[in-house]
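Next come the chains, spelled out residue by residue.
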Amino acid sequence: MEALDLARWQFGITTVYHFLFVPLTIGLGIFVAGLQTAWHRTGKEHYLTLTKFFGKLFLINFAMGVVTGIVQEFQFGMNWSEYSTFVGDVFGAPLAMEALLAFFLESTFLGLWIFGWDRLPKRVHLATIWAAAIGSNLSAYFILAANAWMKHPVGYVVEDGRARMTDIWAVLTNSTAIAQVPHVVGAAFVVAGGFVIAVSAYRILHERRAVPAVPVPDTSTTTPANAKASTGDPAMWRTSLRAALVMTAIAGAVVAGTGDMSAKLLHEQQPMKLASAEGLQHDESSAPFSPLPGVEIPYLLSFLATNDPNAVIQGTEDLQARFEKQFGPGDYRPNQAVVFWSFRVMVGFGLATIGLSVLGLWLTRRRRPLPTWFARICLLALPLPTLAMIAGWLLSEIGRQPWTVAGELLTAASVSPGVSLAEVAISLAVFTLLYGALAVGEAVLLIHYIKAGPEVPAAESQPGDDEAPVLQPTLMY
Amino acid sequence: MELTTVWFVLIAVLWTGYFVLEGFDFGVGLLAPVLARNEGERKQVLNTIGPVWDGNEVWLITAIGAMFAAFPAWYAGMLSRFYLPLVLLLVGLIIRGVGLEWRGKVRNAGERRLCDLGIGIGSALPAFLWGAIFADLLKDSAVAAVIGGLFSLALCLLHGAVFVSLKTTGRVRQAARRAALAASVVAVPVGVLALSSVPEGGTAFAWAGALVAMAAVAAAVALIWRRREGWAFAATATAIVLGTAALFDGLWPEPLTGLTVTEAASGPYTMQVLTWIGLIALPFVLAYQAWTYWVFRKRLTADVV
């Protein structure tokens, strides 16, 4: 066991964990902004109720995305100082741009939105949630451009053992980024859409069982009448369900399309990752695609990777021999099992979610009620796309190994030389335990508010909640 | 002035913005349990920073991001050198952020106390550790680090107390004034000790900055005594600005032992790109953050409606 191994585990754990929250921030932010816009345009009360309901879930989640994001920014320097020194000239620029152009926008305007409900004119208040949501989406672009550079470095030269940027435009329009940004942002909208689908379906099921509403413990003065009203009208949940189904289906199409783009770029730029994802050991023309071990569809891999069913696809062993010639002795193959299976989980669960959304739209067409059996299936829309997303990141980043910067810097040479095994072990243990505890907290809070349903706006300003009631500048808080 | 110098100054400016803004956030987080007698007052105190603390924290994200981009070797060397203190600091920022966001949403008073604990500890850790880390960078001594940490902690308390007295009405406003006076009893002597952090052969600028910063702390105490809260806040902010300026003057031109600014710097092309982006973006950031403070300019009350 070396510090390198633990540093890699730490990066994997903290990054995957961070990305449990980010997709909801990206997708749900826009969704909530859309709901508030609908309320602004139509004046219909149930859009406001939905805005506040999903807004609250959004904020519970947003906090986690922010605090785990800070760790990411520090982690490069703490655990990977050799990497940071090597890449900072290029990699740092999009990170600095992310902070300046995206994070300030996101955080400042979200504060205005949360506390501005009765401080700002309605139209300005609506603009604040859009500004915050656009900030989140912009941040995705910059960080993904930085990430794409690790896999397909462009616009730089290496001088005195450090990468030097020569063309920011090349970095920001890296073909890998152009394919990856819509793929990941689209996937974030699928995750967020799946979340809303599952929550709406749960609420619909909940109301069909005609169980009296679960009162919100904090609003102890809520009367039964209020509690009943708080379950809202079933049509409201149909609205959010249908909107989320549309969002998921459209975003899903974008994800699938850009996934195809990415496969073709892999063939050109990261052949080892492509070969590992397919378990293809030797160069092969007219390569078949095997969705599961033992099942082969002839020509399909060659076709997917190049649009030519007869094209030659390079295999891992032959690539290994070529890389040894080019870069010297070493193992240039990523963990084959992880890359192979994460690819299948990503595509399988992703397509399942898209299928679910299309089927849902069909079943609920023209005012048809959501069938109960399908409502239960809709609950799967929460875990499936999230698992697909995690698998996608494992494929992308474990498939990049053994490099941190493809062809330029090995992961083994990236780690901080002065940081001891014990230090990394401590931080790994601390972050893992803390993150575990916070995950429980987030789950408990989300489930609580999903079960409780939306609050009646009037109940919120009722006194009696606390020892000393207080005029608060917001309804959200 | 060539761009390496410009970016060193700009990074100092970003850190200054962070310390001035998040400085009172930390102070408020620390003081909330002391100043407030009940939940209504706790909300009153914490809501003074509610709309702004997250935006304030982005100054840190930007400062670190700018260091990464403009001086990669400084970023990498500093962060890996202060490994465990930074783990602790990050834990602080995490539990504080989650505590602030979740305390209005948790299910019962017990969970709310847990959030308050997170806010308190999560404010104390970074308030102390930033001072300790930067003092250690200047002097490379454990004693200097402890003094630096205590000074930044005391200064955050003073700055935060003055901020609460400026942003609230009623009993809390008076309690905050008393807390500011109490904090100054620690801040002033520790501040005098912290003057020893000015490196030997420190420039006239560093000395002037440090001394005027101390004078500003003293002025803040006098002003809060005379209930001039706005001016007192200007004075504590000035103290932080000048103290940070003196600090970065001390870090020039060798921000890490054995590493000069020039060695740490990115190439001229990257510096140019960053300069353009900074010049375009920063005015907007300053404008909309200033607007946020304008929107929430009213004092908060704990009165029943």
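Note: the structure precedes this text.
Bear in mind the structure is a predicted one, so any value in this text is a computation, not a measurement.

The rules behind the values
- Residues numbered from 1 in each chain as written.
- Chains lettered and ligands numbered in written order.
- Predicted model: local features only at pLDDT ≥ 70, side-chain atom pairs only at ≥ 80, totals over all residues.
- Heavy atoms only, no water.
- Helix = DSSP H or I, 4+ residues; strand = E, 2+ residues; numbered from the N terminus.
- Rg over C-alpha atoms; globule rule 2.2 N^0.38 Å.
- Buried < 20%, exposed > 50% of the residue type's maximum accessible area, 1.4 Å probe, protein only.
- Contact = heavy atoms within 4.5 Å.
- Patch = residues over 30% accessible without salt bridge, like charges linked within 9 Å, V, L, I, M, F, W, Y side chains within 5 Å.
- Areas by Shrake-Rupley, 256 points an atom, 1.4 Å probe, with all protein chains shown as cover.
- Salt bridge = Lys/Arg side-chain N within 4 Å of Asp/Glu carboxyl O.
- 1 Å grid on protein atoms, 1.4 Å probe; cavity = no way out; pocket = protein on both sides within 12 Å on 5 of 7 lines; lining within 4 Å.
- Points joined across faces, edges and corners; volume = space filled by probe spheres on them.
- Nonpolar A, V, L, I, M, F, W, Y, C, P; charged D, E, K, R; others polar.

## Concerning the overall build of chain A
Move 1: Of the regular secondary structure elements, chain A holds 16 helices and six strands.
Move 2: The C-alpha atoms of chain A give a radius of gyration of 24 Å, which matches the 23 Å a tight globule of 477 residues would have.
Move 3: In terms of overall dimensions, chain A has C-alpha extents of about 75 × 50 × 40 Å along its principal axes.
Move 4: A burial count over chain A gives 58% of its 477 residues as buried.
Move 5: When contacts within chain A are restricted to residue pairs at least 6 apart in sequence, those whose partners lie at least 24 apart make up 80%.

## Digging into a nonpolar patch on the surface
Move 1: On the surface, L359, W362, W373, I377 and L380 of chain A cluster together to form a nonpolar patch covering roughly 520 Å² of accessible area.
Move 2: Along the polypeptide, W373 of chain A turns up in helix α13 (residues 372-378).

## Structural notes on unusual backbone geometry
Move 1: Following Q401 of chain A, the chain continues into P402 of chain A via a peptide bond in cis, with omega recorded as 5°.
Move 2: Mapped onto the elements, P402 of chain A comes out in the loop between α14 (383-398) and β5 (403-405).
Move 3: Residue P253 of chain B follows W252 of chain B across a cis peptide bond; omega there is -5°.
Move 4: One can find P253 of chain B in the loop between α10 (229-251) and α11 (261-264).
Move 5: A positive phi angle is found at R367 of chain A, which is not glycine, with a value near 65°.
Move 6: With respect to the helices and strands, the residue R367 of chain A is situated in the loop between α12 (336-363) and α13.

## Quick look at helix α4 (residues 72-81) of chain B
Move 1: For α4 of chain B, the buried fraction is high: eight of the 10 residues fall into the buried class.
Move 2: Listed as buried for α4 of chain B are P72, A73, W74, Y75, A76, M78, L79 and S80 of chain B.

## Digging into the layout of surface pockets
Residues and elements named next belong to chain A.
Move 1: Each pocket or cavity is described by its volume, and for the second largest pocket that value is around 970 Å³.
Move 2: Along the wall of the second largest pocket there are 39 residues; nearest its centre are H183, G259, F343, M346 and V347.
Move 3: Looking at the lining of the second largest pocket, the elements that each hand over two or more residues are α6 (175-208), α8 (234-269), α9 (271-278), α10 (300-306), α12 and α14.
Move 4: When grouped by side-chain class, the residues that make up the lining of the second largest pocket number 26 nonpolar, nine polar and four charged.

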